[in-house]
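Fold and contact review
So the chains spell out like this:
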Amino acid sequence: MKPNVSVLISGPSRTGKTTAAELLAERYGIPNIKIGEEFRRTYGIHTSHHVERDPAFDKKMDDFQADKIRTATPGQPFILEGRLAAFLASVERAKQPLPVVTVLFWAPEEERMERQLRKVKRDHPDSTVTLKELLEGERQREAYDLAQWKHVHPEIDDKNVFDPDLTDEQGSPVYDLVVDTRVGMPGVVADVVHDWLVQRGAFDNDPA
């Protein structure tokens, strides 16, 4: 079964977005668009790390996402994984109803960096990196990214775009579903999203 809505997955790094998005796309047999991969393919930039980049790159990627969102149809759903995908969708949905849903993957900062530390130790057993160093690096990257996003989208101002209670200019929730990814492994998180889609009628024959 394919859902009659496209699923936009946002959230800070190390919340399991990529793996869960892959599982959902495979489950439904629909395209999986990864903005991180688009950055790497187009500009050779790994946005999972702190990398200086031209704000024009961000604008191009955001325009690409916004176009996908505004042209989404019930008959051709997709998964879109991008940290600003839900924010961009909130702008487009303020103009017209769209067959998209927005999901925030969330976990506390220290939990996310502990996951990263376990991954580093697993992949590089001789690494001496500490949790403190990972936290400092992540905060530096997040501050840089926020400055980039504010440059491209001044309306972001000093908002926390990953606030589960974030609202748009009309006071509507930016996120339709918030998943605390401490609930379990990515497969469990993907099941939470799927069960929520079932409950909201996203697999009905007629578009919701």
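Each remark here, short or long, concerns the structure printed above.
The following refers to the structure shown. Since the structure is predicted, the reported quantities are computational estimates derived from the model, not experimental observations.

The rules behind each value
- Residues numbered from 1 in each chain as written.
- Predicted model: local features only at pLDDT ≥ 70, side-chain atom pairs only at ≥ 80, totals over all residues.
- Heavy atoms only, no water.
- Salt bridge = Lys/Arg side-chain N within 4 Å of Asp/Glu carboxyl O.
- Helix = DSSP H or I, 4+ residues; strand = E, 2+ residues; numbered from the N terminus.
- Buried < 20%, exposed > 50% of the residue type's maximum accessible area, 1.4 Å probe, protein only.
- Pairing = 2+ DSSP bridges.

**So, the pattern of salt bridges**
Inspection of every chain in the model, using the stated rule, returns 24 salt bridges. With its nearest N and O atoms 3.7 Å apart, the salt bridge here joins Arg70 to Asp67. Of this pair, Arg70 and Asp67 both sit in helix α3 (residues 55–70), three residues apart, which is roughly one turn of the helix. For Arg70, a relative accessible area of 36% puts it in the partly exposed group.

**A few points about the pairing of strand β4 (residues 100–106)**
A regular strand carries its side chains on alternate faces of the sheet. Taking burial as the measure, the seven residues of β4 include six buried ones, the bulk of the element. Inspection of the sheet shows strand β1 (residues 6–10) paired to β4 by five bridges, in the parallel sense. Counted as the bridge partner of Ser6 is Val100 from β4. Both β4 and strand β5 (residues 177–180) contribute to a ladder of four bridges, which runs parallel. Paired with Val103 across the two strands is Leu177, which belongs to β5.

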